[in-house]
Amino acid sequence: MDELLSVAEMYRADQLAIAAGVPGPALMEAAGAAVVRAVCERWAPHPTAVLCGPGNNGGDGFVIARLLLEAGWPVRLALLGTRSALTGDAAVAADRWPGPIEAADPYILKGNPLVIDALFGAGLSRPLEGHARAIVEAMEGRTVVAVDVPSGLHGDSGRVLGAAPQAALTVTFFRRKPGHVLLPGRTLCGEVVVADIGIPERVLDGIAPQTAVNEPSLWRHRFPWPALDGHKYARGHAVVLGGARMTGAARLASVAALRAGAGLVTIACPPAAFPVYAAGCASVIVDPLEEDGAFARLLQDQRKNAVLIGPGAGRGAQTRAAVMAALDARKACVLDADALTSFADSADELLDRLDKRCVLTPHEGEFARLFGDSVGMDGDKLSRVRAAAARSGAVVVLKGADTAVAAPDGRAVVNINAPPDLATAGTGDVLAGIVLGLLAQGMDGFEAACTAVWLHGEAGRALGPGLISDDLAGALPGVLKALKAQD
Ligand SMILES: NC(=O)C1=CN([C@@H]2O[C@H](COP(=O)(O)OP(=O)(O)OC[C@H]3O[C@@H](n4cnc5c(N)ncnc54)[C@H](O)[C@@H]3O)[C@@H](O)[C@H]2O)[C@@H](O)CC1
Ligand SMILES: [K+]
């Protein structure tokens, strides 16, 4: 499993490693050596400027400078702050640096050296200003190798505090931090190498991280592959509420639910729209809602076990009533788009009714409308999605290029396989449909959401540039086949 450690958890990992007998200076020496290894694998000896900060990130820099010098590289080292202010392991590392210590002035970047950014790492505690900011800004356009994180990037949030350089390579230690995968951090890090610095794996038992990169090892063992002796009813019957006008959305979602493996999919739609839906995918059942209360009656069928409401549903009282009908019928639910926005003025009415068999799939705008009052929009993406899941009791998928998924019990993942080509109309409807198809097959809400987000990203990658949302479901068989081959 690819855990993501918060900054606090990483400090705890360091402490536990030291308590287990790995000395602090040995960790720093290993960290520096790992950076040098990564650098030497990628660049030939080259004039290099190592910029060291006032803490242990700077200590790593002293180790790096010494090891590069020993490897025959032309190295200059500059320190932000004074040598006498260094303490602990950083002071030990500085003692072992045989060369001069220059002032961290943008002048040191003259001649376009390779820049090793060891100014600030996990200890970043406030926005960069003054001298620190000037030297970071002077890195613009240079080739930068970041130690742990690009300085100024916050390891928990992925946000820039003041300024941060664009790195070509970031070498971090033991495990990635959320800031390496959340935007804009992921972009600023460039290539990320995770180095083993001698922290024993078992320290994770004492930390029990709750955050991970979304990858198949988290949920593959529970993927609902059809059984040889199974039949379509064993694979669930998913229902999609179809709208009167934006009919494409429910059609995209219904096909995606089928491709994700649902045994049957029904679109329940206004009678006037019946011909449009009926002329769509031949594998989808279309059921016109002839009179008031027809949707609730349709859901009385116990075999219909999962419901998607939102894509193209329209905003307002009718959609709110449909959501309440699905919740009253105790179906597994996916609520997306208009189903979320319809509760913008009465968020608590919805949030008080949800449980972990409900998956909400808002983008940032929908999230703001539903959770703006309870959770707010100031926190970073992971904190907000976690708070939203805790508030609602539902699984929340906060979409974007760095989609984050949280369960009400505190688990969360960040998804990193989605290509930018997915930023096109209708892809959200497809995602909602995949979640629905997996819920119909009995997957639990959090696992269904994580699986769906990953499959959606893989389908996007398989198609690449030029993809439109109509293509995505058709790419799922190839993605699923490759996933199955990993078993
Ligand atoms: N045993 C350990 O804890 C290990 C730590 N390692 C390195 O140590 C780093 C963490 O070290 P530290 O906890 O000393 O933290 P940092 O070295 O990241 O920064 C802390 C220092 O920066 C100052 N500072 C923070 N934000 C500032 C700002 N905006 N402007 C100016 N000064 C600012 C703080 O006052 C403090 O002096 C990691 O990122 C990693 O690179 C590695 O050597 C591996 C082992
Ligand atoms: K750094």
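Residues numbered from 1 in each chain as written. Chains lettered and ligands numbered in written order. Predicted model: local features only at pLDDT ≥ 70, side-chain atom pairs only at ≥ 80, totals over all residues.

- By the naming in an unreviewed UniProt entry, the protein goes by Bifunctional NAD(P)H-hydrate repair enzyme and is assigned to Azospirillum ramasamyi.
- As its UniProt record puts it under Subunit (unreviewed entry), the protein is described as follows: "Homotetramer." (UniProt positions renumbered as here; feature names shortened; annotations may be inferred.)

Let's talk about the overall build of the protein
Reasoning step 1: The secondary structure content of the protein amounts to 19 helices and 17 strands.
Reasoning step 2: Considered along the principal axes of its C-alpha atoms, the protein spans approximately 85 × 50 × 45 Å.
Reasoning step 3: Counting across all 487 residues of the protein, residues that qualify as buried make up 53%.
Reasoning step 4: Considering only intrachain contacts with a sequence separation of at least 6, the fraction spanning at least 24 residues in the protein is 73%. (Helix = DSSP H or I, 4+ residues; strand = E, 2+ residues; numbered from the N terminus. Buried ≥ 20, exposed ≤ 12 C-beta atoms within 10 Å, placed from the backbone. Contact = placed C-beta atoms within 7 Å.)

A closer look at the packing of helix H2 (residues 24-42) against helix H4 (residues 88-95)
Reasoning step 1: H4 packs onto H2 with a crossing angle of 60° between their chain directions and a minimal axis gap of 9 Å. As summarised for this structure, H2 and H4 are arranged oblique, according to the angle between their axes. Relative to H4, H2 is oriented so that their crossing is right-handed. Residues Gly24, Pro25 and Met28 of H2 touch H4, and the partners they reach there are Asp89, Val92 and Ala93.
Reasoning step 2: Residue composition of the contact of H2 with H4, grouped by class: four nonpolar, one polar and one charged. (Axes fitted to C-alpha atoms, helices over the stretch in contact; angles between N-to-C directions. Parallel < 35°, antiparallel > 145°, perpendicular 65-115°, else oblique. Left-handed = near helix turned anticlockwise from the far one by under 90°. Nonpolar A, V, L, I, M, F, W, Y, C, P; charged D, E, K, R; others polar.)

Concerning the sheet that holds strand S12 (residues 304-309)
Sheet strands associate in pairs through backbone hydrogen bonding, adopting either a parallel or an antiparallel arrangement.
Reasoning step 1: Strand order in this open sheet of 10 strands is S8-S17-S16-S15-S14-S13-S12-S9-S10-S11, and the pairing throughout is mixed. The outermost strands of the open sheet, each flanked by one partner alone, are strand S8 (211-213) and strand S11 (285-288). The mean inter-strand angle of the sheet, taken between neighbouring strand axes irrespective of direction, is 20°.
Reasoning step 2: Inspection of the sheet shows strand S16 (residues 404-406) paired to strand S17 (residues 412-414) by three bridges, in the antiparallel sense. Counted as the bridge partner of alanine 406 is alanine 412 from S17.
Reasoning step 3: Along the sheet, helix H12 (residues 317-328) makes contact with strand S9 (237-241), S12 and strand S13 (332-335), crossing S12 at roughly 155°.
Reasoning step 4: This element, helix H16 (residues 381-392), spans S8, strand S14 (358-360), strand S15 (395-398), S16 and S17 of the sheet and lies at about 150° to S15. (Pairing = 2+ DSSP bridges.)

Side note on the sheet that holds strand S5 (residues 144-147)
Reasoning step 1: Spatially, seven strands are ordered S3-S2-S1-S4-S5-S6-S7 in an open sheet, and the strand pairing comes out parallel. Two strands lie at the open edges of the sheet, namely strand S3 (102-103) and strand S7 (191-195), each paired on one side alone.
Reasoning step 2: Of the pairings in the sheet, the one linking S5 to strand S6 (residues 169-173) comprises three bridges and is parallel in character. Note that in S6 the partner of alanine 146 across the bridge is threonine 170.

Details of the nonpolar core
Reasoning step 1: One finds Val435 and Leu436 to be the most contacted residues of the largest nonpolar core, which totals 163 residues.
Reasoning step 2: Both domains that furnish three or more residues to this core are identified here as domain 1 (7-209) and domain 2 (216-485).
Reasoning step 3: Residues contacting leucine 436, with those up to four places away along its chain left out, are Ala238, Val240, Ala253, Ala257, Ala306, Leu308 and Val334. (Core = buried A, V, L, I, M, F, W, Y, C linked by C-beta atoms within 7 Å. Domains from an automatic or database assignment.)

So, helix H19 (residues 469-485)
Reasoning step 1: In a regular helix each residue adds 1.5 Å, so 17 residues correspond to 24 Å; H19 covers 26 Å between its end C-alpha atoms and thus fits that length.
Reasoning step 2: Here H19 has its buried residues at Ser469, Leu472, Ala473, Ala475, Leu476 and Val479.
Reasoning step 3: Buried residues along H19 sit against helix H9 (247-259), helix H17 (427-440) and helix H18 (445-463). (Expected span 1.5 Å × (residues − 1).)

Quick notes on the site of ligand 1
Reasoning step 1: Taken together, 27 residues form the shell around ligand 1, and within it Gly55, Asn56, Asn57, Gly121 and Gly123 come nearest.
Reasoning step 2: Only H2 and helix H3 (56-70) provide two or more residues apiece to the shell around ligand 1.
Reasoning step 3: A per-class count over the shell around ligand 1 returns 13 nonpolar, 10 polar and four charged. (Near = placed C-beta within 6 Å.)

Describing the pairing of S5
Reasoning step 1: Here S5 shows a buried face lined by Val144 and Ala146 and a second buried face lined by Val145 and Val147.
Reasoning step 2: Across three bridges, the pairing between strand S4 (residues 114-118) and S5 is parallel. For aspartate 117, the partnering residue across the bridge sits in S5 and is alanine 146.
Reasoning step 3: Note that the unit made of S4, helix H5 (residues 130-137) and S5 has a crossover that is right-handed. (Right-handed = clockwise from strand over helix to strand, strands pointing away.)

What about the pairing of S15?
Reasoning step 1: Burial along S15 is two-sided: Val395 and Val397 and Val396 and Leu398, pointing in opposite directions, are all buried.
Reasoning step 2: In this structure, S14 lies alongside S15, joined through two bridges in parallel fashion. Of the residues in S15, the one forming a bridge with leucine 360 is valine 396.
Reasoning step 3: The sheet contact formed by S15 and S16 spans three bridges and is antiparallel. Residue pairing for S16: leucine 398 is matched across the bridge by alanine 404.
Reasoning step 4: From the end of S15 to the start of S16, which pair antiparallel, there are five residues, and glycine 400 there has a positive phi angle of about 155°.

Concerning the UniProt feature "binding site: K(+)" (unreviewed entry) in the protein
Reasoning step 1: In this numbering, the UniProt entry assigns the feature "binding site: K(+)" (unreviewed entry) to Asn57, Asp117 and Ser151. Over a stretch of 95 residues, the named residues converge on one spot in the fold, their C-alpha atoms separated by at most 9.4 Å.
Reasoning step 2: Structurally, asparagine 57 is set in helix H3.
Reasoning step 3: With 25 C-beta atoms counted inside 10 Å, the residue asparagine 57 sits in the buried group.
Reasoning step 4: Those residues within four positions of asparagine 57 in sequence are excluded, and the remaining contacts are Ala118, Leu119, Phe120, Gly121, Gly123, Val147 and Asp148.
Reasoning step 5: Among the residues examined, serine 151 registers 31 C-beta atoms within 10 Å and is labelled buried.

Focus on the packing of H2 against H3
Reasoning step 1: Put simply, H2 and H3 touch, their axes get as near as 8 Å, and they point 55° apart. One finds that H2 runs oblique with respect to H3. H3 is crossed by H2, and the crossing has right-handed handedness. For the pair H2 and H3, the contacting residues are Met28, Glu29, Ala31, Gly32, Ala33, Val35 and Val36 in the first and Asn56, Gly59, Asp60, Val63, Ile64, Leu67 and Leu68 in the second.
Reasoning step 2: Taken together, the residues of the contact of H2 with H3 break down into nine nonpolar, three polar and two charged.

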